[in-house]
Amino acid sequence: MKVTTKKRNVRQTRMSRWRISPLMLGGVLLALVAVVILYAVWQTMAAQNEKSQPITGVETFTPERGHQEGKLTYAQTPPVGGVHNPVWQNCGVYTTPVANENAVHSLEHGAIWITYRPDLSAAEVRQLQDLTRQSGYRLLSPYPGLPSSVVASAWGYQLKIERANDPRLPRFIQRYEQNPQGPEPGAPCSGGVGGPG
């Protein structure tokens, strides 16, 4: 009997060494929650810092506004704003050039107009098409005579790049699509002219 009691006491002593008190368990859980919260705050701050950083190569313009029918002349190629046709270009993917005057009206509504040289590789064009189809406020079209392989334009802003996979392109879109500083963000980008593919 004495041996059994002794064994039981030894076993209980060993188990008590490994027992975690409710207070200790609560402390560990609280520390884990704090680490998760701190990580989330750090991620949010890093994302906000990334958004506020200037995008290398973005040019800024101050276009005038107004509606006018007919063929118009613009200072930038492609234009980033200015007087434009009263009817906007329906957003979407186009395989042929669209009229500057209608596309500029889409920019006024908060759209991003991505243009590319007609000789851009098929793989890069597909990449731009996929990017364009992710939102109802993006317009893609070939544009002969571009100053670079790809140009992204928003009302008053433009980015010229040489490759469709340039990491600045998604940042440009994120920053300037439906830009609250634009003239009419949120106005329709459908119900105008054109039939995207």
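This text follows the structure it describes.
About the criteria used
All residue numbers refer to positions counted from 1 along the written sequence of the respective chain. Totals for whole chains, interfaces and linings use all residues, but because this is a predicted model, local features are given only for residues with pLDDT of at least 70 and pairs of side-chain atoms are given and counted only at 80 or more. Calculated side-chain values reflect all of the structure's heavy atoms, with hydrogen atoms and water omitted. Here, the term disulfide refers to a pair of cysteine sulfur atoms separated by no more than 2.5 Å. Secondary structure elements are defined from DSSP: runs of H or I of at least 4 residues count as helices, runs of E of at least 2 residues count as strands, and each element is numbered from the N terminus. Exposure classes here rest on a 1.4 Å probe applied to the protein chains alone. A residue is buried below 20% of its type maximum, exposed above 50%, and partly exposed in between. A pair of strands is treated as paired once DSSP finds two or more bridges between them. Here a residue-residue contact requires only that any non-hydrogen atoms of the pair lie within 4.5 Å.

With that out of the way, let us pick up the state of the cysteines. Counting across every chain of the model gives 1 disulfide. Each sulfur in the disulfide pair Cys-91 and Cys-189 lies 1.7 Å from the other. On the sign convention where negative is left-handed, the bridge of Cys-91 and Cys-189, at about 45 degrees about the S-S bond, is right-handed. On the criterion of sequence distance, the pair formed by Cys-91 in the loop between strand S1 (58-60) and strand S2 (92-93) and Cys-189 in the segment after helix H5 (168-176) is long-range, its members being 98 residues apart.

Within strand S5 (residues 150-154), 5 of the 5 residues are buried, which leaves it mostly tucked inside the rest of the structure. Residues Val-150, Ala-152 and Ala-154 of S5 are buried on one face, and the alternating residues Val-151 and Ser-153, pointing to the opposite face, are buried as well. Pairing of strand S3 (residues 112-116) with S5 involves 4 bridges; the strand directions are antiparallel. Considered in S5, the bridge of Ile-114 is made with Ala-152. Sheet topology places S5 next to strand S6 (residues 157-161); 5 bridges connect them, and they run antiparallel. Residue pairing across strands places Ser-153 opposite Gln-158, the latter belonging to S6.

When you line up the elements, Tyr-94 lands in the loop between S2 and helix H3 (100-108). Overall, the relative accessible area of 6% leaves Tyr-94 in the buried class. Distance from Tyr-94 to Gly-195, taken between C-alpha atoms, is 7.9 Å for residues 101 residues apart in sequence. Filtering out sequence-adjacent residues up to four positions away, Tyr-94 remains in contact with Gln-89, Tyr-116, Leu-139, Leu-140, Ser-141, Pro-142, Val-193, Gly-194, Gly-195 and Pro-196.

Time to look at the environment of Leu-146. Take Leu-146: it is sitting in the loop between strand S4 (138-142) and S5. Judged by relative accessible area, Leu-146 falls into the buried class, the value being 6%. The sequence separation of Leu-146 and Thr-115 amounts to 31 residues, and the corresponding C-alpha distance is 8.1 Å.

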